[in-house]
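The lines below spell out each chain.
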2 protein chains.
Amino acid sequence: MRDKGITRRALLVGVGAAGGAGAMYAAMGALGLAPGEQRAEFAPPQASDFRLRGASAAKVVVLGAGVAGLTCAYELGKAGYHCTVIEARDRVGGRSLTVRGGDTVSELNGATQTAEFGEGVYFNAGPGRIAQWMVALDYCRELGVPIETFVNNNASAYIYNQGMAAPVRARTARADLYGYIAELLAKATDAGALDRRLTPDDKERLLEFLRRFGDIGPRNTYEGSQRRGFQVYPAVGEGTPLPGPGPLAQVLSSGVGRAVTVDFGFEQAMPMFQPVGGMDAIVRALADAVGDDRLRLGTRVTKITSLADGVEVEVRGPGGAEVVRAAYCIAALPPHLLAKIPGSLPADVRAALATPRPVATGKIGLEYGRRWWELEDRIYGGITETDLDITHIWYPSYGYHGTRGLVVGYYNTEEHAAAYGAMTHRDRLRRALTQGKKIHGEKYRTGVLSSVSVAWERQPHIEGGWVRWPSFTGAFELLQRPAGRVYFAGDWLTHLIAWQAGAMESARRVVTDLHKRALTETT
Amino acid sequence: MRDKGITRRALLVGVGAAGGAGAMYAAMGALGLAPGEQRAEFAPPQASDFRLRGASAAKVVVLGAGVAGLTCAYELGKAGYHCTVIEARDRVGGRSLTVRGGDTVSELNGATQTAEFGEGVYFNAGPGRIAQWMVALDYCRELGVPIETFVNNNASAYIYNQGMAAPVRARTARADLYGYIAELLAKATDAGALDRRLTPDDKERLLEFLRRFGDIGPRNTYEGSQRRGFQVYPAVGEGTPLPGPGPLAQVLSSGVGRAVTVDFGFEQAMPMFQPVGGMDAIVRALADAVGDDRLRLGTRVTKITSLADGVEVEVRGPGGAEVVRAAYCIAALPPHLLAKIPGSLPADVRAALATPRPVATGKIGLEYGRRWWELEDRIYGGITETDLDITHIWYPSYGYHGTRGLVVGYYNTEEHAAAYGAMTHRDRLRRALTQGKKIHGEKYRTGVLSSVSVAWERQPHIEGGWVRWPSFTGAFELLQRPAGRVYFAGDWLTHLIAWQAGAMESARRVVTDLHKRALTETT
């Protein structure tokens with residue numbers, strides 16, 4: 001945004017250079033830029049939009065009952081559109097899959113697992129967390145889906161990298177890294193290395209901050225900190241500190257730095273949230289609002305034809321082959337599968353759909369009969385970060401203090417996911433337990449009651465965890481527009497790939513575009 | 001702990017100096033020091049301890065039905081001790097006070113507030129959070145008190161210091177501070193300022209970490225980051241960044257550094273927890289386990305006499321004056337009040353009790369009819385930090401997406417608390433709203449449905465938020481031992497002052513000591 005040739009940023013930097021305490025943030029306020037964060041605007045279609053014109057809402061066929069497809073049908077349904085949702089799988093939700101006891105999970109190679117989880121235990125095999133600013137929370141509110149905190153970062157969880165004989169608590173690694181950084185910068189500042197950059201006042205403020213930040217003493221030397229945690233925590237006595245810290249070189253070479261920064265991103269910052277009882281509460285609520293009579297499960301799309309005045313979608317379901325006709329189509333399938341469906345889509349659109357590369361992604365849910373991570377490790381939710389091929393271990397953010405609990409034993413992507421995906425479930429389990437045992441010891445292996453794994457690249461009608469675009473221009477932009485009467489929707493058409501919020505935002509965009517056009521075409 | 005003249009720490013530092021990647025943490029593992037964090041050991045008294053001796057458990061009079069007193073009675077009760085708990089207030093829990101609609105809160109100057117909160121709304125006027133390692137969680141598990149996450153740190157909450165025209169999000173302040181720190185240290189490293197301290201490998205690892213830590217580019221310059229948050233968050237489009245960052249001098253002078261470090265401490269690190277439905281669930285569960293028949297509410301202690309073979313406690317309750325006799329007494333009252341009760345306590349004990357200084361502490365609960373902090377600010381739980389006299393604003397970590405909600409409008413201590421405490425509730429409310437409005441605007445003032453404030457230094461039979469000791473030697477140590485047959489218990493006798501866990505740990509210590517003695521005296 002430009003104003004008389006000065007960008008806002010330049011103005012603010014200018015203010016910053018000249019102003020006093022807080023002047024920059026003050027200027028932000030004056031420009032109306034803080035604190036008002038926003039998401040993309042959305043005005044849902046209203047039934048009155050049609051009534052004003054004396055017209056009735058159009059028929060829309062939605063391909064795919066994942067988050068994007070369901071959101072489209074839900075929003076269009078509010079305005080009276082007649083939606084039919086075609087879903088090849090036998091359940092709604094797509095990747096928003098919560099596995100409970102009795103559920104079966106089949107893979108493309110034919111292997112089928114049946115979950116044996118106990119009452120109340122569930123496994124979010126797909127998305128597992130929602131950031132505060134994400135539209136997924138608005139849908140939870142609107143649909144009455146209760147939410148609770150998802151612990152995305154836990155100071156008591158571990159970091160374990162190859163070469164370590166024992167894991168280290170996240171709080172310990174953080175204290176050591178911050179302590180040494182503070183020491184190094186404080187000493188460089190004291191030695192005059194920053195004199196050209198900092199005024200004496202700046203230096204004083206920086207040193208004050210560094211002492212807080214690193215818990216370094218008045219001599220600006222890091223010698224450990226209570227922040228590292230304790231061998232015996234304070235109680236009546238003052239507690240027994242952990243041994244250490246090791247020297248800086250050690251802390252750096254242990255490679256704990258990556259794990260310490262994982263929640264810095266805007267998508268990962270604490271707190272995060274999850275629906276109570278399993279992530280699929282959102283898609284189930286959407287499907288309920290759309291209505292069972294509009295959902296056609298177990299029905300594959302075999303051909304898509306866009307005509308001048310409508311679309312014809314050939315499908316094959318439990319009742320055999322059929323042609324579904326509608327005024328518009330929203331294709332909310334994975335792009336790499338959509339690219340293969342015959343029909344009238346132009347070559348450039350088809351090429352665009354084949355452009356993003358599906359990413360292998362896998363998770364395993366390990367059910368234990370004892371919540372040893374709470375009882376023995378004092379870890380209540382959160383994630384252990386590791387450079388092993390399991391990448392992460394998630395501890396459950398629900399059912400605290402219960403008898404059973406489900407740990408996600410790996411959540412990995414790309415090569416690691418492909419390697420696990422190529423194994424039988426039995427081998428995935430064995431390997432995950434061998435790896436996790438390095439962190440948690442023998443109980444990790446011996447205590448498992450049951451398990452389910454999902455390799456998303458092997459899930460029928462999905463075939464990938466998410467996609468990766470070579471760029472956000474060209475093909476990505478082309479598919480934002482309809483091909484005739486066929487619109488495209490999905491997280492893969494947003495900058496929030498792999499998030500339910502992406503699917504929802506894309507759905508809102510398509511619904512808005514389609515509705516504008518429908519209002520024109522029905523007058 | 002010493003072993004052949006080498007402390008563990010020296011050994012580990014030695015290993016650190018010589019070893020490779022992870023060697024220090026490896027050595028910790030080999031010494032059996034990681035990952036096993038522990039709390040102080042506790043073996044609860046068992047009824048069988050007496051049966052083995054053919055004796056019966058003694059009578060104990062417990063003074064005070066706060067967390068410490070109730071924990072004593074609960075643990076002793078397990079072993080069959082006959083406890084009588086004397087409580088001057090008309091409810092159990094002491095400072096663990098949860099206020100709900102219909103509850104009254106009286107102060108020493110005579111003013112009484114009646115809470116008008118709606119269904120499901122509560123105000124934890126005392127303790128509000130529990131760290132994972134704290135024994136309070138063990139009691140929740142043992143007593144079947146369900147817990148949920150308490151959001152102690154929220155990247156979307158604000159920081160507001162005087163002189164700012166608008167608050168800044170915690171995530172923005174953190175990104176700016178870390179970005180500039182990373183830049184300064186990376187540039188100092190590149191310029192050779194740390195060459196005497198770091199090997200080339202160390203430098204490379206440090207730079208790699210700093211780029212992650214500060215999200216600085218390959219030129220080691222901080223120019224903002226998505227971590228700061230967005231004006232419009234990414235969706236279909238890539239989002240609109242916030243303006244800024246301001247220059248380093250600005251960020252330093254805005255004083256946001258204190259707020260960014262608040263959850264670094266071992267007591268404050270995320271995640272934290274709270275009982276579902278209000279903190280008093282713990283004291284109510286303890287009281288239920290102890291049994292109503294053992295609790296004497298509305299009963300003041302007027303004299304404590306320790307005799308050779310027992311104690312006599314004079315009390316005055318609803319039924320008039322009475323003498324309660326027992327083999328032992330546990331005085332779990334605030335020390336400054338205990339110091340004033342007549343009786344046989346020796347002069348040095350009395351002086352020791354008068355040594356710690358009570359600290360003024362205050363909170364106000366503001367009930368709103370609309371959860372605007374979620375709807376408009378996208379803040380789900382957490383704390384806004386400010387240098388105003390309100391110090392903190394807490395957003396509720398429960399009831400997300402509900403219709404009503406309760407914000408803690410101040411949580412302050414010392415001078416600020418004393419200043420608010422000296423006002424009428426009406427004036428406390430007015431001032432709290434004037435201050436909070438600086439952060440949240442007019443809705444903060446106009447949307448309040450009802451409110452309750454508590455000045456702990458004015459609470460009858462409590463008279464302080466907690467205490468501060470001049471040192472943890474002398475008086476503190478003296479009171480760890482019984483004065484004759486009178487034992488002392490409370491958070492004030494631990495290194496966890498102001499935490500329920502402190503009260504519980506002290507209770508466990510006293511119960512252990514008393515039980516050992518009782519076993520000797522009853523043989």
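Note that this is a predicted model, so its numbers are computed, not measured.

**Q** Mind showing me how you'd approach the overall build of chain A here?
**A** For chain A, the helix and strand inventory stands at 18 helices and 28 strands. In terms of overall dimensions, chain A has C-alpha extents of about 80 × 70 × 40 Å along its principal axes. Here chain A holds 523 residues, and 61% of them are scored as buried. Contacts in chain A between residues far apart in sequence, at least 24 positions, make up 68% of those at least 6 positions apart.

**Q** Would you mind going over the side chain of histidine 401 of chain B with me for this structure?
**A** Looking at the secondary structure, you find histidine 401 of chain B in the loop between strand 24 (392-395) and strand 25 (405-413). Among the polar contacts made by the side chain of histidine 401 of chain B, one reaches the side chain of tyrosine 380 of chain B at a distance of 2.8 Å. Not counting residues up to four positions away in its chain, the partners in contact with histidine 401 of chain B are Leu137, Cys140, Arg141 and Ile147 of chain A together with Arg371, Glu374 and Tyr380 of chain B.

**Q** Just checking my understanding: could you explain helix 6 (residues 170-190) of chain A for this structure?
**A** Since the α-helix turns once every 3.6 residues, residues separated by three or four places project in the same direction. Residues and elements named next belong to chain A. Its 21 residues place the ends of helix 6 30 Å apart at the C-alpha level, agreeing with the 30 Å of an ideal helix rising 1.5 Å per residue. Among the 21 residues of helix 6, 19 are classified as buried, and the element is accordingly described as predominantly covered. Just downstream of helix 6, glycine 192 is the residue with a positive phi angle, here 90°.

**Q** It is not clear to me how the side chain of glutamate 367 of chain B should be interpreted in this structure. Could you clarify?
**A** Residue and element names in this part refer to chain B. Relative to the helices and strands, glutamate 367 resides in strand 22 (residues 361-368). The class for glutamate 367 is buried, based on a relative accessible area of 0%. Of note is the side chain of glutamate 367, whose polar atom sits 2.7 Å from the backbone nitrogen of glycine 118. The residues contacting glutamate 367, other than those within four sequence positions of it, are Glu116, Phe117, Gly118, Val121, Arg404, Gly405, Leu406, Gly447, Val448, Leu449 and Ser450.

**Q** Teacher, can you tell me more about the pattern of salt bridges here?
**A** Two side chains of opposite charge can pair, provided their charged atoms sit close to one another. Throughout the structure, instances matching the rule amount to 63 salt bridges over all chains. Linking aspartate 513 of chain A and arginine 509 of chain A is a salt bridge whose minimum nitrogen-to-oxygen distance equals 3.3 Å. Linking aspartate 513 of chain A with arginine 509 of chain A, this pair stays in helix 18 (residues 500-521), spanning four residues, or about one helical turn. In this structure, arginine 371 of chain B and glutamate 374 of chain B form a salt bridge, with 2.9 Å as the shortest nitrogen-oxygen distance. This pair shows no difference in class: arginine 371 of chain B is buried, exactly as glutamate 374 of chain B is. A cluster of three or more residues bridged by salt bridges with shared partners is formed by Arg370, Glu376, Asp377 and Lys443 of chain A.

**Q** Looking at this structure, I do not really get the domain arrangement of chain A. What am I missing?
**A** Accessible area lost when the parts come together is the quantity often used to give the size of an interface. All names here are of chain A. Once the domains are mapped, chain A shows domain 1 (78-161 + 267-522) and domain 2 (163-258). On the side of domain 2, 13 residues touch domain 1, which itself brings 16 residues to the contact. When residues of domain 1 are sorted by the area they lose upon contact with domain 2, Ala155, Ile159 and Asn161 head the list and together hold 51% of the total. Counting across the domain 1 and domain 2 interface gives one salt bridge. Across the pair arginine 258 and glutamate 385 runs a salt bridge, and its minimum N-O distance is 4.0 Å. At the level of secondary structure, the elements contributing two or more residues to the side of domain 1 that touches domain 2 comprise strand 11 (158-160), strand 23 (382-386) and helix 15 (425-440). For the side of domain 1 that touches domain 2, the element with the highest residue contribution is strand 11, accounting for three residues.

**Q** So what exactly am I meant to see when it comes to the sheet that holds strand 16 (residues 295-296) of chain A here?
**A** Hydrogen bonds between backbone atoms are what pair the strands of a sheet, whose relative direction is either parallel or antiparallel. The five strands lie next to each other as 16-4-3-20-28 (chain A), forming an open sheet whose pairing is parallel. The sheet is open, and its two borders are formed by strand 16 and strand 28 (486-488) of chain A, each paired with just one other strand.

**Q** Please clarify how helix 14 (residues 414-421) of chain A should be interpreted in this entry.
**A** Residue and element names in this part refer to chain A. All buried positions along helix 14 are accounted for by Glu414, Ala417, Tyr420 and Gly421. In a view along the axis of helix 14, the buried residues occupy a sector of 130°, so they form one face of it. Those residues of helix 14 that are buried are in contact with strand 21 (357-359), strand 22 (361-368), strand 25 (405-413), helix 15, strand 26 (448-455) and strand 27 (466-468).

**Q** Could you clarify how one ought to interpret the nonpolar core in this entry?
**A** Nonpolar side chains tend toward joint burial in soluble globular proteins. Ranked by internal contacts, the top residues of the largest apolar core, which has 238 residues, are Leu63, Tyr81, Ile330 and Phe488 of chain A together with Leu63, Tyr81 and Phe488 of chain B. Each residue touching leucine 63 of chain A, except ones within four places of it in the same chain, is listed here: Ile86, Val301, Ile304, Val313, Cys329, Ile330, Ala331, Ala332 and Leu333 of chain A. Counting residues in hydrophobic clusters, the runner-up holds 104 residues, among them Leu198, Val251 and Leu433 of chain A together with Leu207 of chain B.

**Q** Whenever I open this one, the packing of helix 6 of chain A against helix 6 (residues 170-190) of chain B confuses me. Can you help?
**A** Describing two packed helices takes the angle between their axes plus the distance from one axis to the other. Packing of helix 6 of chain A against helix 6 of chain B brings their axes to within 10 Å, and their N-to-C directions diverge by 60°. Classified by the angle their axes make, helix 6 of chain A and helix 6 of chain B are oblique. Taken as a pair, helix 6 of chain A and helix 6 of chain B cross one another with a handedness that is left-handed. Contacts between helix 6 of chain A and helix 6 of chain B involve Tyr178, Ile181, Leu184, Leu185 and Ala188 of chain A on the former and, on the latter, Tyr178, Ile181, Leu184, Leu185 and Ala188 of chain B. Residues that form the contact of helix 6 of chain A with helix 6 of chain B fall into these classes: ten nonpolar, no polar and no charged.

**Q** Would you explain the UniProt feature "domain: Amine oxidase" (unreviewed entry) in chain A in this entry?
**A** Residues annotated by UniProt as "domain: Amine oxidase" (unreviewed entry) correspond here to residues 67-514 of chain A. As annotated, residues 67-514 of chain A comprises 31% helix and 24% strand, and the C-alpha atoms at either end are separated by 18 Å.

**Q** What is the right way to read the sheet that holds strand 18 (residues 311-317) of chain A from this model?
**A** Residue and element names in this part refer to chain A. With antiparallel pairing, three strands are arranged side by side in an open sheet as 17-18-19. Here the strands that pair on one side only, and so sit at the sheet edges, are strand 17 (300-306) and strand 19 (320-326). Strand-to-strand twist of the sheet, defined as the mean angle between neighbouring strand axes without regard to direction, takes the value 20°. For strand 18 and strand 19, the ladder comprises seven bridges, and the chain directions are antiparallel. Within strand 19, the position partnered with valine 311 by the bridge is alanine 326.

**Q** Would you mind showing me how to read the environment of proline 167 of chain B here?
**A** All names here are of chain B. Here proline 167 is to be found in the loop between strand 11 (158-160) and strand 12 (168-169). Residue classification places proline 167 among the buried residues on the basis of a relative accessible area of 5%. Between the C-alpha atoms of proline 167 and lysine 438, which are 271 residues apart in sequence, the distance is 8.3 Å.

**Q** What should I look at first to understand the confidence of the model for chain A in this one?
**A** Low pLDDT marks regions whose predicted coordinates should not be analysed in detail. Residue and element names in this part refer to chain A. Counting all residues, the mean pLDDT for chain A is 92, and 92% of those residues have values of 70 or more. Segment residues 1-35 is flagged for pLDDT under 50; beyond a separation of four residues in sequence, or across chains, it makes 63 contacts in the model. Interface confidence for the predicted complex, expressed as ipTM, amounts to 0.93; the pTM equals 0.93.

**Q** Before we go on, may I ask you to explain the pairing of strand 4 (residues 82-86) of chain A in this structure?
**A** Looking along a regular strand, one sees the side chains alternate between the two faces of the sheet. Residue and element names in this part refer to chain A. Two strands pair when backbone bridges link them, and strand 3 (residues 59-63) and strand 4 are joined in this way by five bridges, in the parallel orientation. Bridge assignment links valine 62 to a residue of strand 4, and that residue is valine 85. With helix 4 (residues 67-78) bridging strand 3 and its parallel neighbour strand 4, the resulting β-α-β unit is right-handed. Sheet topology note: the strand 4/strand 16 ladder contains two bridges and is parallel. By the bridge assignment for strand 16, isoleucine 86 is matched with arginine 296.

**Q** Looking at this structure, I do not really get the environment of aspartate 309 of chain A. What am I missing?
**A** Secondary-structure assignment places aspartate 309 of chain A in the loop between strand 17 and strand 18. It is 27 Å that separates the C-alpha atoms of aspartate 309 of chain A and glycine 291 of chain A, two residues lying 18 residues apart in sequence.

**Q** In this structure, what is going on with the packing of aromatic side chains? I would like to understand it.
**A** Ring pairs (aromatic) are described by centroid distance and by the angle formed between their planes. If you walk through the whole model with that rule in mind, you get 54 aromatic pairs over all chains. Between phenylalanine 230 of chain A and tyrosine 233 of chain A, the ring centres sit 5.2 Å apart and the planes meet at 50°, which makes this aromatic pair tilted. The same class applies to phenylalanine 230 of chain A and to tyrosine 233 of chain A, which are both buried. Measuring from ring centre to ring centre gives 4.0 Å for tyrosine 122 of chain B and tyrosine 398 of chain B, while their planes differ by 10°; the resulting arrangement is stacked. Separated by 276 residues along the polypeptide, tyrosine 122 of chain B in strand 8 (residues 122-124) and tyrosine 398 of chain B in the loop between strand 24 and strand 25 bring together distant segments of the chain. We classify tyrosine 122 of chain B as buried; its relative accessible area is 5%. Note that lysine 363 of chain A overlies the ring of tryptophan 394 of chain A, its terminal NZ or CZ placed 4.4 Å from the centroid.

**Q** Explanation requested: the pairing of strand 22 of chain A in the structure shown.
**A** All names here are of chain A. In terms of burial, strand 22 is a largely internal element, eight of the eight residues being buried. Neither face of strand 22 is left uncovered, since the one carrying Thr361, Lys363, Gly365 and Glu367 and the one carrying Gly362, Ile364, Leu366 and Tyr368 both have all their residues buried. Sheet topology note: the strand 22/strand 25 ladder contains eight bridges and is antiparallel. Opposite isoleucine 364, over in strand 25, you have tyrosine 410 as the bridge partner. Bridge count between strand 22 and strand 26: seven bridges; the pairing is antiparallel. Within the sheet, the bridge partner assigned to leucine 366 lies in strand 26 and is serine 451.

Definitions and limits used
- Residues numbered from 1 in each chain as written.
- Chains lettered and ligands numbered in written order.
- Predicted model: local features only at pLDDT ≥ 70, side-chain atom pairs only at ≥ 80, totals over all residues.
- Heavy atoms only, no water.
- Helix = DSSP H or I, 4+ residues; strand = E, 2+ residues; numbered from the N terminus.
- Buried < 20%, exposed > 50% of the residue type's maximum accessible area, 1.4 Å probe, protein only.
- Contact = heavy atoms within 4.5 Å.
- Polar contact = N/O pair within 3.5 Å; in protein donor to acceptor, adjacent residues only side chain to side chain.
- Expected span 1.5 Å × (residues − 1).
- Salt bridge = Lys/Arg side-chain N within 4 Å of Asp/Glu carboxyl O.
- Domains from an automatic or database assignment.
- Buried area = accessible area lost by both parts, 1.4 Å probe.
- Pairing = 2+ DSSP bridges.
- Arc of directions from axis to C-beta.
- Core = buried A, V, L, I, M, F, W, Y, C linked by side-chain atoms within 4.5 Å.
- Axes fitted to C-alpha atoms, helices over the stretch in contact; angles between N-to-C directions.
- Parallel < 35°, antiparallel > 145°, perpendicular 65-115°, else oblique.
- Left-handed = near helix turned anticlockwise from the far one by under 90°.
- Nonpolar A, V, L, I, M, F, W, Y, C, P; charged D, E, K, R; others polar.
- UniProt positions renumbered as here; feature names shortened; annotations may be inferred.
- pLDDT = per-residue confidence, 0-100.
- Right-handed = clockwise from strand over helix to strand, strands pointing away.
- Phe/Tyr/Trp six-rings, centres within 6.5 Å; stacked < 30°, edge-to-face > 60°.
- Lys NZ or Arg CZ within 6 Å of the ring centre and 35° of its normal.

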